[in-house]
Each structure stands twice: as structure tokens, then as C-alpha cells.
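# Summary of the model geometry
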Amino acid sequence: MTSLPLIPVDPDARGRRPAMPPRHLADLDLPGRRALVTELGEPGFRAKQVSNHYFGRLVRDPAQMTDLPAATRERLAGSLLPTLLTPVRELACDDGATRKALWRLHDGSLVESVLMGYPDRVTVCISSQAGCGMACPFCATGQAGLTRNLSTAEIVDQAVYLAGVAASGAVAGSPPRLSHVVFMGMGEPLANYSRVVAAIRRLVAPAPEGLGLSQRHITVSTVGLVPAIRRLASEDLSVTLALSLHAPDDELRDELVPVNQRWKVSEVLDAAWDYAATTGRRVSIEYAMIKDVNDQPWRADLLGRLLAGKLAHVNLIPLNPTPGSRWDASPKPVEREFVRRLRDAGVSTTVRDTRGREIDGACGQLAAAEDRDTEPRTATA
């Protein structure tokens, strides 16, 4: 494991009230950016120039924006590109192919994102909320609770920053261009619906409007907010829906994914199948393998019956335990038997690559560690 520089942060930020950040060009479409630039007394075409730097060249330093008049660079950049993410800690492992960033937002909130390089692609996992209100007990973010929703630009800026890391050649053995984004970091994306959808549109729009990624290379995870799933199906987007199921039966899922007490397994799956029918996109069924909790053979068989013949793929996730948690990963023989039973039922199944364990790679773990490290200590007499 390689530890990258630790950047000092304001120790008083922890007590500040969460608040939304200043407006950023990624919050706006191109006409909105032109209107803002015009309000600043500059020609509207300057919005396209600054947008090209940010989305096309992955540059945010005004000194490098040499096509802008020197007298206005700082003012335009300050108005269109305010600092949203301050690096707190960056860790790398897998010979630099996996890099996790912990960010402090302008109000002191903490969020995480992860860059993963492969021989054929570069993927980033980004957060949509600071914390999470879904309260899944095996998830470090769920244990922390929800601080606030992220703005559209705070979501997009994570991807743009890590796209710059990839473009710098820092991820050896991988292409120098970001190709995939997964909304599987901190938070429930569909609980921050409008900003997440706006962020997706920025990510897939060509420069200078956005980052120019393929819609089919965007994955949005959800614990199963049924009305939002149905709404997403109507957005004319072809992103992949990843459903965090984690249990095939209501009795256990009520405990593991508390929102199941509102929308049961059958309702969630019906919404997922409607999404697949509308978009033509295969649904990814996320299933964390938890020792002696949801890994029994009969649950594999039940899951197989629920998914057989559907446009779905199961992504089994070896649990990355959080410190002090009673939850642990299933043993490998149990995992292999679970896979065998699903495949025997005709269900496409893979086991997720377990990256980043030594850098607190699971969602919320690095933020939780930072909170523990910076927790104020009470003096004793």
C-alpha cells in the first residue's frame, strides 16, 4: 500500500452546519453558463472556453487558460470553478491501480471516491450524498447516517478530478481516459434524484457541455426506491440499474435493507424488470455475501427462482467488514456453492473483484476512519 500526502484541514469544520456549496459551472447546462458569464459582464462565448478547459482538458488552474484574457482569468475561474472538493487523504494500492480519495467539502462534510484501473478501462466510483440515510447495518456509510445531499457539481467534480488522475498516466497499465462511472459510493443516489440525473447528463454530454462518457458505461445503484426507479426509466437514459438486494426474502431484507419495510422484494423486482423492459438494459443484482446471514444454500436457490429468465446479472460482493462490526464475509467454499446454485438456475453470476481492502476500500470506511482520527479528546483532571 502507498499512502499519498495527507493535507491539513480545518479542525473546526466538524461542528459547522451542513450547507450547499457555491454555484459551479457543472451545476448548469451550457446556456445557463453563458447567462452567468453575461451577468459577469463578459462575452457569452467565454462560458464555452472555460467549459472546454474543465471538461475537455480537465484543467481548472486559471494560469493554464491562456485563451482567456489575463485580466479576467481569475475572476471567471473564481465564479465558474469555485473549489468544491479539498483532498484530505489519498491512498493507493494494487500497484497504484486502485486509488481512494477522501474529500472535505466546503462545509466540513466528508465524502469518498475510488478510481480503479484495468487493462481495458478506467472506472471511478463516486458519492452522491455525504453519509446515507438508508441505515443498512453492514455498511459503514449507513452506520454514519445522512449529513446532506451533494450538489450536481460536487458529484461531477469527483469524476472530473479522477479523470485528470487517469489522464496524467498515474494509473499504470490502464488507458489514460476515464471510461466508466458507477454511483456506488457514499449515499443512496435515487434519494438525491434530481441532482444525480443532472450529474449523469453532464457526464454523458460531449465537451464542452460535459465529460462525453457513454450512457452505457454509467451505473446507478439503489437499495430499491421504487417510485424513483420507475421515474428513472422515463428519463430516456440507457444507464445500468444496480439493485442492492442482499437478501431474496422479506424477513431478512427487512433487517439488512430497512427500506424493504416500505417496498418489499416483489415490488422492488417488479420495478427493476420494468426498468429493463423500458431501457433494454440488463439489471445488475448486487448481493453482499455475509457469513451465516444471507449465504445459505436455500437463499441461493430462492434467488435463482426469482431471477431465472429475467434480464439480470448477479454481482456477488465479498463483504468488506467495518471495524467493530458483527458482520463478516462468507467463506470462499460457501461463496462458490452460492455461485454454483445460481448458475445452475440459469442466472448469470460473477463475484466482484475485491479491491482496496487495505485502504478502507468499502463505502464509508475511509471517512469513518478520518472521523475517528480527528475525534476531539476530552481532557481529564
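Heads up: the structure comes first, above all this text.
These notes cover the structure that comes with them. (Residues numbered from 1 in each chain as written. Predicted model: local features only at pLDDT ≥ 70, side-chain atom pairs only at ≥ 80, totals over all residues. Heavy atoms only, no water.)

### Thoughts on the overall build of the protein
Here is the rule: Only DSSP runs of H or I covering at least 4 residues are called helices, and only runs of E covering at least 2 are called strands; the numbering of each starts at the N terminus. Any residue under 20% of the maximum accessible area for its type is buried, any over 50% is exposed, and the rest in between are partly exposed; the area is computed with a 1.4 Å probe on protein chains only. Contacts were defined at the residue level, with two residues in contact if any of their heavy atoms lie within 4.5 Å. To measure how exposed things are, a 1.4 Å probe is used in the Shrake-Rupley method; for residues, cover is taken only from the protein chains shown.
Helix and strand counts for the protein stand at twelve helices and 13 strands. Burial status across the protein gives 56% buried among its 381 residues. At a minimum sequence separation of 6, the contacts of the protein that also span at least 24 residues come to 69%. Total accessible area computed for the protein in this model is approximately 16,000 Å², and 51% of it derives from carbon and sulfur atoms.

### A closer look at helix H9 (residues 265–279)
What counts here: Take the residue count of a helix, subtract one, and multiply by 1.5 Å to get its expected span.
With 15 residues, H9 extends 21 Å from end C-alpha to end C-alpha; this agrees with the ideal 21 Å at 1.5 Å per step. Of the positions making up H9, those classed as buried are Val265, Val268, Leu269, Ala271, Ala272, Trp273, Tyr275, Ala276 and Thr279. Looking at the buried residues of H9, the elements they touch are helix H7 (226–233), strand E10 (240–244), helix H8 (250–256), strand E11 (283–289), helix H10 (297–307) and strand E12 (312–318).

### Observations regarding the nonpolar core
Short version of the rule: What is meant by a nonpolar core is a set of buried Ala, Val, Leu, Ile, Met, Phe, Trp, Tyr and Cys residues, joined one to another through side-chain atoms within 4.5 Å.
By size, the foremost hydrophobic cluster in this structure holds 101 residues, and its most contacted members are Val181, Phe183 and Ile285. Ranked by the residues each element gives to this core, the list is headed by helix H5 (residues 152–167), at nine residues. Setting aside chain neighbours within four positions, we find Val181 in contact with Val124, Ile126, Ala159, Leu203, Leu213, His217, Ile218 and Thr219. Counting residues in hydrophobic clusters, the runner-up holds five residues, among them Val114, Met116, Tyr118 and Cys125.

### Some thoughts on unusual backbone geometry
The omega angle of the peptide bond from Ala207 to Pro208 is 10°, so this bond is cis rather than trans. When you line up the elements, Pro208 lands in the loop between helix H6 (193–204) and strand E9 (218–222). A positive phi is found at Leu58, a non-glycine position, where the angle reads about 60°. Among the structural elements, Leu58 can be located in the loop between helix H2 (45–56) and helix H3 (70–80). Of note, His246 is a non-glycine position whose phi angle comes to about 70°, a positive value. Locating His246 in the fold gives a position in the loop between E10 and H8.

### Let's talk about H6
In this model H6 runs 17 Å from its N-terminal to its C-terminal C-alpha over twelve residues, within 8% of the 16 Å that 1.5 Å per residue would give. Along H6, nine of the twelve residues are buried, which leaves the element largely enclosed by surrounding structure.

### Focus on the environment of Leu105
Position of Leu105 relative to the elements: it lies in the loop between strand E3 (98–104) and strand E4 (110–118). Using a relative accessible area of 4% as the deciding quantity, one classes Leu105 as buried. Separated by 19 residues in sequence, Leu105 and Thr86 place their C-alpha atoms 6.4 Å apart. If we skip the residues at most four places from it in the chain, Leu105 touches Leu84, Leu85, Val111, Arg148, Leu150 and Glu154.

### Observations concerning the pairing of E9
Note the following rule: Think of it this way: DSSP has to see at least two bridges between two strands before they count as a pair. Classification remark: right-handed applies to a crossover when, strands pointing away from the viewer, the course from the first strand over the helix to the second runs clockwise.
Taking burial as the measure, the five residues of E9 include five buried ones, the bulk of the element. Here E9 shows a buried face lined by Ile218, Val220 and Thr222 and a second buried face lined by Thr219 and Ser221. Note that strand E8 (residues 180–183) and E9 share three bridges and pair parallel. Looking across to E9, one finds that Val181 is bridged to Ile218. You can see the chain leave E8, run along H6 and come back into E9, and the turn it takes is right-handed. Both E9 and E10 contribute to a ladder of four bridges, which runs parallel. Paired with Thr222 across the strands is Leu243, a residue of E10. Each parallel crossover has a hand, and for E9 linked through H7 to E10 it is right-handed.

### Considering empty space enclosed by the protein
This is how the line gets drawn: For cavity detection a 1 Å grid was placed over the protein atoms alone, and a set of points counts as a cavity when a 1.4 Å probe fits there but cannot get out; an open set counts as a pocket when protein lies on both sides within 12 Å along at least five of seven lines, with lining residues being those that have an atom within 4 Å of a point. Grid points are joined across faces, edges and corners, and a volume is the space filled by probe spheres set on the points. By the convention adopted, Pro, Cys, Tyr, Trp, Phe, Met, Ile, Leu, Val and Ala count as nonpolar, Lys, Arg, Asp and Glu as charged, and the other residues, Gly among them, as polar.
Inspection of the entire model under this criterion finds one cavity of 30 Å³ or more. Approximately 40 Å³ is the volume attributed to the largest cavity. In terms of lining residues, the largest cavity is bounded by Glu90, Arg99, Lys100, Ala101, Leu162 and Val165. Put simply, the parts of the chain that give the lining of the largest cavity at least two residues each are E3 and H5. Broken down by element, the lining of the largest cavity gets its largest block of residues, three residues, from E3. When the residues that make up the lining of the largest cavity are grouped by side-chain class, the tally is three nonpolar, no polar and three charged.

### Looking at the environment of Gly108
Its location among the elements puts Gly108 in the loop between E3 and E4. Classification of Gly108 as buried rests on a relative accessible area of 10%. Residues Gly108 and Ala19, spaced 89 residues apart in sequence, show a C-alpha to C-alpha distance of 9.3 Å.

### Details of the environment of Tyr54
Position of Tyr54 among the secondary structure elements: in helix H2. What makes Tyr54 buried here is its relative accessible area of 0%. Once the C-alpha coordinates of Tyr54 and Leu81 are considered, the two residues, 27 residues apart in sequence, prove to be 8.4 Å apart.

### Details of the pattern of salt bridges
Let me state the cut-off plainly: Think of a salt bridge as a Lys or Arg side-chain nitrogen and an Asp or Glu carboxyl oxygen that are within 4 Å of each other.
Enumeration according to the criterion identifies 17 salt bridges in this entry. Where Lys100 meets Glu112, a salt bridge forms, and the shortest distance between an N and an O atom there is 2.9 Å. Taken together, the residues Lys100 in strand E3 and Glu112 in strand E4 connect sequence positions twelve residues apart. Judged by its relative accessible area of 4%, Glu112 is buried. Between Glu154 and Arg148 there is a salt bridge; the shortest N-O distance is 2.9 Å. There is no split in this pair, since Glu154 and Arg148 are both buried. Residues joined by salt bridges that share partners form a network here, namely Asp301, Glu337, Arg340, Arg341 and Asp344.

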